Amino acid sequence: MKKNIMNIGRLWKIGLCFGVTIGLASCSNDEAGAVEDEVGVATEETATFGGETGLAEEATVAGVEEDAFYSDLNTTGLYEEWDANDDNLLDENEYYGAFYDTWDINDDNQLDENEWNTAVNDYGFAGNDTWVWTGWDTNNDNLIDENEFGAGLGNTAMFTDWDANNDSVLEEREYADGIYALWVEGDDDGILDEEEYNDIYVRYYDMDVVQYIPERG
Ligand SMILES: [Ca+2]
Ligand SMILES: [Ca+2]
Ligand SMILES: [Ca+2]
Ligand SMILES: [Ca+2]
């Protein structure tokens, strides 16, 4: 009689152990010959619940990303225009021309001080000692022509910095990523939201819209 009760007790316990969780230390310890079987078996180890550890809370900031800019720039066809020798790459001179063309917002082939100040600010060079108007306008005619611009840009390390794969030319993606990084640099909080992006994009790349009003005195 006693034996029967014991057996039932053991079965009962083993069943419970399997039912709760396999691998709990308390189950495997007292296997054989334990007399007092039903010591609180039913209540132990129920609270451990290895459920999901919360949700990933990401503060998603709405910023326009570099892929979008690359794609937008691509649709303008400007890169092909800048690529004077049609090898689908920008060498260093083509790069200077591209930059100059972009900053010459009113498209008169001259860079005046207003265009310069606007761009220096937009592209994150404000307060940078390398980007000083008088240092670039070397003949002091109060304009920066393309040669002066190329010379000035050549004194920076930008071309080599942008040339991510070090082949001494810029493919469109390298060029786009370089520009995008500067815009982010020039932005107040480093995130180009839709409005900021549109504003700067239209200023430099949308040729159908006359954005710039020269304020020559
Ligand atoms: Ca080229
Ligand atoms: Ca101009
Ligand atoms: Ca000049
Ligand atoms: Ca390259």
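Reading guide: rules and limits
Positions within a chain are numbered from 1, following the residues in the order the chain's sequence is written. All chains are assigned letters beginning at A, and all ligands numbers beginning at 1, according to the order in which they are written. Only residues with pLDDT of at least 70 are given local features in this predicted model, and only at 80 or more are side-chain atom pairs given and counted; all residues enter the totals for whole chains, interfaces and linings. Under the definition applied here, buried Ala, Val, Leu, Ile, Met, Phe, Trp, Tyr and Cys residues are grouped into a nonpolar core through C-beta atoms within 7 Å. Residue burial here comes from a neighbour count, namely the number of other C-beta atoms, placed from the backbone, that lie within 10 Å of the residue's own C-beta, with 20 or more meaning buried, 12 or fewer meaning exposed, and in between meaning partly exposed. Secondary structure elements follow DSSP: runs of H or I no shorter than four residues count as helices, runs of E no shorter than two count as strands, and numbering proceeds from the N terminus. Residue pairs qualify as contacts under a 7 Å threshold applied to their C-beta atoms, which are placed from the backbone. In this analysis an axis means a line fitted to C-alpha atoms, helices contributing only their contacting stretch, and an angle means the value between N-to-C directions, from 0 to 180 degrees. Here a crossing is called left-handed whenever its near helix is offset anticlockwise from the far helix by less than a right angle, and right-handed whenever the offset is clockwise. Classes in brief: Ala, Val, Leu, Ile, Met, Phe, Trp, Tyr, Cys and Pro nonpolar; Asp, Glu, Lys and Arg charged; the others, Gly included, polar. Between 65 and 115 degrees an angle is taken as roughly perpendicular, under 35 as roughly parallel, over 145 as roughly antiparallel, and anywhere else as oblique. Residue-level confidence of the predictor is summarised by pLDDT, bounded by 0 at the bottom and 100 at the top.

Draft legend 1. Local environment of the nonpolar core. L90, Y95, Y175 and A176 are the most contacted members of the largest nonpolar core, which totals 26 residues. At the level of secondary structure, the elements contributing two or more residues to this core comprise α3 (66-76), α4 (78-82), α5 (92-103), α6 (113-122) and α10 (172-186). Excluding its chain neighbours within four sequence positions, the residues that come into contact with L90 are W82, D83, Y95, A98, V169, L170 and Y175.

Draft legend 2. Expanded view of the packing of α5 against helix α8 (residues 146-154). At their nearest, the axes of α5 and α8 sit 9 Å apart, and the two run at 115 degrees to each other. Considering only the axes of α5 and α8, their crossing is right-handed. On the side of α5, the interface is formed by Y96, G97, F99 and Y100, while α8 contributes E146, F149, G150 and L153. The residue makeup of the contact of α5 with α8, split by class, is five nonpolar, two polar and one charged.

Draft legend 3. Spatial organisation of the environment of N142. Structurally, N142 can be placed in the loop between α7 (133-136) and α8. As a C-alpha pair, N142 and L111 span 31 residues in sequence and 9.0 Å in three-dimensional space. Not counting the four nearest positions on each side in its chain, N142 is found in contact with E113 and D137.

Draft legend 4. Summary view of the packing of α3 against α10. Running from N to C, α3 and α10 cross one another at 120 degrees; their axes reach a closest spacing of 9 Å. For the element pair α3 / α10, the angle class is oblique. By crossing handedness, the relation of α3 to α10 is classed as right-handed. The segment α3 lies against α10, with E66, F69, Y70, L73 and N74 engaging E172, R173, A176, D177 and Y180. Residues belonging to the contact of α3 with α10 are distributed by class as follows: five nonpolar, one polar and four charged.

Draft legend 5. Examining the confidence of the model for the protein chain more closely. Averaged over every residue, the pLDDT of the protein chain is 80; the share at 70 or more is 67%. Taking the mean pLDDT of every element in the protein chain, the minimum, 45, falls on helix α2 (residues 25-29) and the maximum, 98, on α6. Within the model, pLDDT remains below 50 along residues 1-6, and this stretch shows zero contacts once partners closer than five positions in the same chain are excluded. This model gives residues 209-217 a pLDDT under 50, and the stretch forms 10 contacts once residues within four places in sequence are excluded.

Draft legend 6. View of the environment of E113. With respect to the element layout, E113 can be found in helix α6. We classify E113 as partly exposed; it has 15 C-beta atoms within 10 Å. In this structure the C-alpha to C-alpha distance between E113 and D137, which are 24 residues apart in sequence, comes to 9.7 Å. Beyond its immediate chain neighbours, meaning those up to four positions away, E113 contacts W133 and N142.

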